[in-house]
Amino acid sequence: MRTSPSRRRHSGYVSFLLVISTGAILTILTIYAYRRAMNSHSIQSQVQLRVDYSEKEEAILRSIVAVTPNRSIRAMKSLSNVAGTREPLSWQNIFTESLALANARTSISTDLINSLNIANLKTGNSGDSALAAPGRIFTPIVADPGYFVSAGINRSLGAGYPSPLTADDATTAANDRVYPVISDYKYDPLAPASRGPQFGGRSKFNLLRYPQINFGYAKPGENFVAKRNWWAFSLDVADHDDDRTLLARSKRNFVLSIYEIPSQLSISASSFMSLGQYASGEAWEKVNIDGGIFAGKAEVTGTTDLNTLSSRRGVTLSNTTTFGNQSLTDNQADTATPFKPGVRESYQNKKDEANPVKLANQSTTGAFFPVSLASESGRVAFYPISRGQEFFDRFLHPATEPNALSTTTWNNYTIGALQCAMRIDITKVVSATDPTPTEFKFSCLNASGVRNTVDTTVTPANYPPGYYPFWVEGNSYNFGTEVVDVAYGKNGSYAYKTNVTGTVTFNNATFGDPLVGTEKIGYLKMPFERAVIPTVPVAKSCVAFYPKRVKAFLRALGAGDTSINNSVVVNVNHTGLGATIPKKPGTPCTDADYGLIMKECADLTMFTKGFSLVSNLRLYIGDDFNIVAATPPAGYTPAVTASNPTGRFLPPCSLFVPEKRYGVDVDAYKVNLSGQVGSLATDTVANAVRPLDSKNLSGNAITADRITVNLSQIRHPAEIPPITMMNWLVMIEELRR
């Protein structure tokens, strides 16, 4: 057996230094890569947490906008300032409830978790929290232990914040820090002259800049009339758990505002409104609308050109509806759809071909879209304050609401009949079958703005028709330049003098002796009396009111003048029992109910701060109403517009009645309307409101060719009448650092 010799191989070696070095390098690279991955994960986690917190905060802010006005209303109601009731109205409770409504405590809703149907599902979001300490999330702008907001009242918070309101009332100032208080005793010290003494010589409203939002009650940046209640706070949801999440965020500063906006657009209604045609189907003919329109829901029919249209619940436009002669659709075969994607952009980029000079320095129609919904803007809500038929009747609700947090109660704030300075009530009638009034009660304010404690009782059967006793025989009275009617006598025997001025002595030498041997009385023609409309279609018992006679009557009573007593409510006092107690008027008005006649109302310049009438009766307007120009208030110059080419100033007036008709003795042939038109119908009304429809004395519709309409928008507080409809614009805006 042969064997081969073994092979010899070269010996080798291993470099431990190389192995260790290579291993160390690879280990370091792995650690570095791991560290980078962990840092990236941490950053992504932080970013995701920030996004999560931002989304939660946006949901919280929207919830605050929804909750706050409800709490403000409740704070104005009876018994809101009692233990157990006031606590839920506080800012602390508002913020706590907003956390729950926004589902801010979890990143995924319970319903979504249940829908996944995963057993023992656990979330790894460290941002989820019980958020049990809202005081760490919501803080006032200025350090104020125990409070959640910095109230914009009686102090300035510095540059960037709105101008503060002022309140001399200590209760209002104190409560405003704890609750969202709305009160007439909060006023703007920069506002123009007062509309009445009930505001301590200050005005409720000022000219403010409309905020930069899509809801176009006014154009963003333009002036509008309002009062701004506001509260400032800081918000940081992450601060509650930053010791656990290790996330540091800067607090975000916000201002929550409730704008009180008196109705100022050309046409306003919180209900469903139809525009462009009368109920008869006739198209609007002689109609010029210089200003915006607001409706709860709106439909526009026919060929109609408008300025702006804002709504809460939707808009339907005909295919021939235009805004400033601009169509909102390029397809004339279809109904215009203002909220269809692309329509807004097309409008904003469309050349103004009809008036190229107007926009010589800009190529498009601008950023403002003339049709808007309140829901288009985030953190914004719009609330028309409408009590419907309750607005006309002060006997439906008590004027006093005890233990309310706000110094202005809800009924007094929202019911125009309760706000009026003068009151004329039908208190007694002949019988259950004969509604002829036999007694009136008249009440007004004294020179200090306080209501007289004793009403003036008027029993027409005891006096000359339409007159009231003031002076005993032999007395004199100086009427100045006032033109009045007076009477002299007693027990059914009277002598009269009409259109007298200056000093009148009530004696036989002036009037003759209408009743020999009896001491007589001097009488003054009253601004109201019982009257009858001959046929509508049958004779109707009415109350007649004459605004022109108010000034002399108030002076004879020793009451406040017409700058204080500048509004009147005419109501039926239906609250008692018995055959001589008048019945409550029907809704809607019927021919069996009383009517209210208004005459001698062409010249209202004696009402230096405007005039308002509120009644739950059908109103018959028998004369021209408010057509005589007055001297504008100091510091105010009326704008020259298409509807007011001469820039004249008419006393700001308002009429609030469930129904109005034109004519008293005969049917009116034509009607010329100017100013603003509104409706108090509520959202529950099924039929559309047609704001320009007009009826004559007989109840027949006045035809389109006999109606001329020139509506304009209120643009200054001096144009606001004493009684008006109110709206709230609630919004939250962030103040960037």
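Our structure is the block above this text.
Residues numbered from 1 in each chain as written. Predicted model: local features only at pLDDT ≥ 70, side-chain atom pairs only at ≥ 80, totals over all residues. Heavy atoms only, no water.

**Considerations on the overall build of the protein chain**
For the protein chain, the helix and strand inventory stands at eleven helices and 36 strands. For 737 residues, the compact-globule estimate of 2.2 N^0.38 gives 27 Å, and the protein chain exceeds it by more than 25% at 35 Å. The dimensions of the protein chain, computed from C-alpha atoms along their principal axes, are 180 × 60 × 50 Å. Looking at the protein chain residue by residue over its 737 residues, the buried ones come to 49%. Taking as baseline every contact in the protein chain between residues at least 6 positions apart, the subset at least 24 positions apart corresponds to 67%. Element-wise, carbon and sulfur atoms account for 51% of the exposed surface of the protein chain, whose accessible area totals about 34600 Å². Measuring between centres, the 71 positive side-chain charges of the protein chain sit 8 Å from its 61 negative side-chain charges. (Helix = DSSP H or I, 4+ residues; strand = E, 2+ residues; numbered from the N terminus. Rg over C-alpha atoms; globule rule 2.2 N^0.38 Å. Buried < 20%, exposed > 50% of the residue type's maximum accessible area, 1.4 Å probe, protein only. Contact = heavy atoms within 4.5 Å. Areas by Shrake-Rupley, 256 points an atom, 1.4 Å probe, with all protein chains shown as cover. Lys, Arg positive; Asp, Glu negative; His and termini not counted. Charge placed at Lys NZ, Arg CZ, Asp CG, Glu CD.)

**Quick look at the side chain of arginine 387**
Note that arginine 387 resides in the loop between strand S15 (380-385) and helix H8 (410-414). Arginine 387 gets classed as buried once you look at its relative accessible area, which sits at 16%. A distance of 3.2 Å separates a polar atom in the side chain of arginine 387 from a polar atom in the side chain of asparagine 411. Not counting chain neighbours up to four residues away, the residues in contact with arginine 387 comprise His397, Trp410, Asn411, Thr414 and Ile415. (Polar contact = N/O pair within 3.5 Å; in protein donor to acceptor, adjacent residues only side chain to side chain.)

**Digging into the packing of aromatic side chains**
Enumeration over the complete set of coordinates arrives at 41 aromatic pairs. For the ring pair tyrosine 467 and tyrosine 496, a centre distance of 5.5 Å and an interplane angle of 55° mean the geometry is tilted. Taken together, the residues span a long stretch of sequence, with tyrosine 467 in strand S19 (residues 467-472) and tyrosine 496 in strand S22 (residues 493-500) at a distance of 29 residues. Its relative accessible area of 43% is what places tyrosine 496 among the partly exposed residues. (Phe/Tyr/Trp six-rings, centres within 6.5 Å; stacked < 30°, edge-to-face > 60°.)

**Comments concerning the environment of glycine 578**
Relative to the assigned elements, glycine 578 resides in the loop between strand S27 (567-572) and strand S28 (595-598). On the accessibility criterion, glycine 578 (52% relative accessible area) is exposed. Distance in space between the C-alpha atoms of glycine 578 and glutamine 264 is 43 Å, their sequence separation being 314 residues.

**Comments concerning helix H1 (residues 16-75)**
An ideal rise of 1.5 Å per residue puts 88 Å on 60 residues; H1 measures up with 84 Å between its terminal C-alpha atoms. Largest kink in H1: about 25°, centred on valine 67, with the proline proline 69 one to four residues after it. (Expected span 1.5 Å × (residues − 1). Bend = angle between axes of the 7 residues up to and from the residue.)

**Observations regarding the pattern of salt bridges**
If you walk through the whole model with that rule in mind, you get 27 salt bridges. Between aspartate 513 and lysine 520 there is a salt bridge, with the nearest N and O atoms lying 3.1 Å from each other. Relative accessible area serves as the criterion here: at 2%, lysine 520 is assigned to the buried category. Arginine 618 serves as the salt-bridge partner of glutamate 659, at 3.0 Å between the closest nitrogen and oxygen. In this pair, glutamate 659 sits in the loop between strand S31 (653-656) and strand S32 (660-662) while arginine 618 sits in strand S30 (residues 618-621), placing the two residues 41 residues apart along the sequence. (Salt bridge = Lys/Arg side-chain N within 4 Å of Asp/Glu carboxyl O.)

**Observations regarding the packing of H1 against helix H2 (residues 91-101)**
Any two packed helices are characterised by the angle at which their axes cross and by the distance between the axes. With their axes 8 Å apart at the nearest point, H1 and H2 run at an angle of 135° to one another. Regarding the angle of H1 to H2, the classification is oblique. The chirality of how H1 crosses H2 is right-handed. The residues of H2 that touch H1, namely those facing Ile60, Ser63, Ile64, Val67, Thr68 and Arg71, are Trp91, Asn93, Ile94, Phe95, Glu97, Ser98, Leu99 and Leu101. Of the residues in the contact of H1 with H2, the class split is eight nonpolar, four polar and two charged. (Axes fitted to C-alpha atoms, helices over the stretch in contact; angles between N-to-C directions. Parallel < 35°, antiparallel > 145°, perpendicular 65-115°, else oblique. Left-handed = near helix turned anticlockwise from the far one by under 90°. Nonpolar A, V, L, I, M, F, W, Y, C, P; charged D, E, K, R; others polar.)

**Things to note about the sheet that holds strand S17 (residues 437-443)**
Strands in a sheet are paired, the pairing made by backbone hydrogen bonds, and the direction either parallel or antiparallel. Spatial strand order, S18-S17-S16-S27-S29-S31: six strands in an open sheet with mixed pairing. Each having just a single partner strand, strand S18 (456-458) and S31 make up the two edges of the open sheet. Averaged over all adjacent pairs, the angle separating strand axes in this sheet is 15°, with direction ignored. (Pairing = 2+ DSSP bridges.)

**Observations regarding empty space enclosed by the protein**
A full pass over the atoms with the stated rule returns one cavity of 30 Å³ or more. Considered as a void within the structure, the largest cavity measures approximately 100 Å³ in volume. Along its surface, the largest cavity is lined by Ser263, Ser268, Ala269, Ser270, Phe294, Pro384, Ile385, Ser386, Ser679, Met725, Met726 and Asn727. Those elements that provide at least two residues to the lining of the largest cavity are strand S6 (267-275), S15 and strand S36 (726-735). Top element by residues in the lining of the largest cavity is S6. It accounts for three residues. (1 Å grid on protein atoms, 1.4 Å probe; cavity = no way out; pocket = protein on both sides within 12 Å on 5 of 7 lines; lining within 4 Å. Points joined across faces, edges and corners; volume = space filled by probe spheres on them.)

**Considering the pairing of strand S29 (residues 611-615)**
The element S29 is largely enclosed, with a buried count of five among its five residues. On S29, burial covers both faces: Phe611, Leu613 and Ser615 on one face and Ser612 and Val614 on the other are all buried. Inspection of the sheet shows S27 paired to S29 by four bridges, in the parallel sense. By the bridge assignment, valine 569 is partnered in S29 with valine 614. Bridge count between S29 and S31: four bridges; the pairing is parallel. Along S31, the bridge assignment pairs serine 612 with serine 654.

**As for a nonpolar patch on the surface**
Taken together, the side chains of Leu112, Leu116, Ile118 and Leu121 define a hydrophobic patch exposed on the protein surface, amounting to about 330 Å² of accessible area. Here leucine 116 shows up in helix H3 (residues 110-116). (Patch = residues over 30% accessible without salt bridge, like charges linked within 9 Å, V, L, I, M, F, W, Y side chains within 5 Å.)

**Observations regarding the state of the cysteines**
By the definition in use, this model includes zero disulfides. Not part of a disulfide, cysteine 420 finds its nearest cysteine sulfur in cysteine 653, a span of 13 Å. Residue classification places cysteine 420 among the buried residues on the basis of a relative accessible area of 1%. With no disulfide of its own, cysteine 653 lies 9.5 Å from the sulfur of cysteine 601, the closest cysteine sulfur. (Disulfide = S-S within 2.5 Å.)

**Here's the deal with the environment of proline 722**
With respect to the helices, strands and loops of the structure, proline 722 is situated in the loop between strand S35 (707-712) and S36. For the pair proline 722 and glycine 635, spaced 87 residues apart in sequence, the C-alpha separation works out to 19 Å.

**Observations regarding the side chain of lysine 204**
Examined against the element boundaries, lysine 204 turns out to sit in the loop between helix H5 (170-175) and strand S3 (206-209). Take lysine 204: its relative accessible area is 14%, and that puts it in the buried class. Only 3.5 Å separates the side chain of lysine 204 from the side chain of aspartate 184, close enough to count as a polar contact.

**Remarks on the nonpolar core**
If you look at the biggest cluster of nonpolar residues, it comprises 83 residues, and the most contacted ones within it are Leu275, Leu309, Phe528 and Phe545. A total of five residues in this core trace back to one element, the largest contributor, which is helix H11 (residues 550-557). The residues touching phenylalanine 528, leaving out its near neighbours within four places in the chain, are Ile424, Phe440, Phe442, Val458, Ala544, Phe545, Tyr546 and Phe553. Ala59, Val67, Phe233 and Ile732 belong to the second-largest nonpolar core, a separate cluster that totals 45 residues. (Core = buried A, V, L, I, M, F, W, Y, C linked by side-chain atoms within 4.5 Å.)

**Section: the sheet that holds S32**
Across the sheet, which stays open at both edges, the five strands sit in the order S25-S26-S28-S30-S32 with mixed pairing between neighbours. Each having just a single partner strand, strand S25 (528-533) and S32 make up the two edges of the open sheet. In this sheet, neighbouring strand axes are inclined to one another by 30° on average, regardless of whether the strands run parallel or antiparallel. Across six bridges, S25 lies against strand S26 (residues 540-545) in antiparallel orientation. Its bridge partner lying in S26, arginine 530 is registered against valine 543.

**Structural notes on H2**
All of the buried residues along H2 are Trp91, Ile94, Phe95, Ser98 and Leu99. Down the axis of H2, the buried set is contained in an arc of 140°. They therefore lie on one face. Buried residues along H2 sit in contact with H1, helix H4 (134-137), strand S1 (138-140), strand S4 (223-235) and strand S5 (252-262). Directly after H2, the chain includes asparagine 103, whose backbone phi takes a positive value near 55°. (Arc of directions from axis to C-beta.)

The analysis is restricted to geometry; functional conclusions fall outside its scope.
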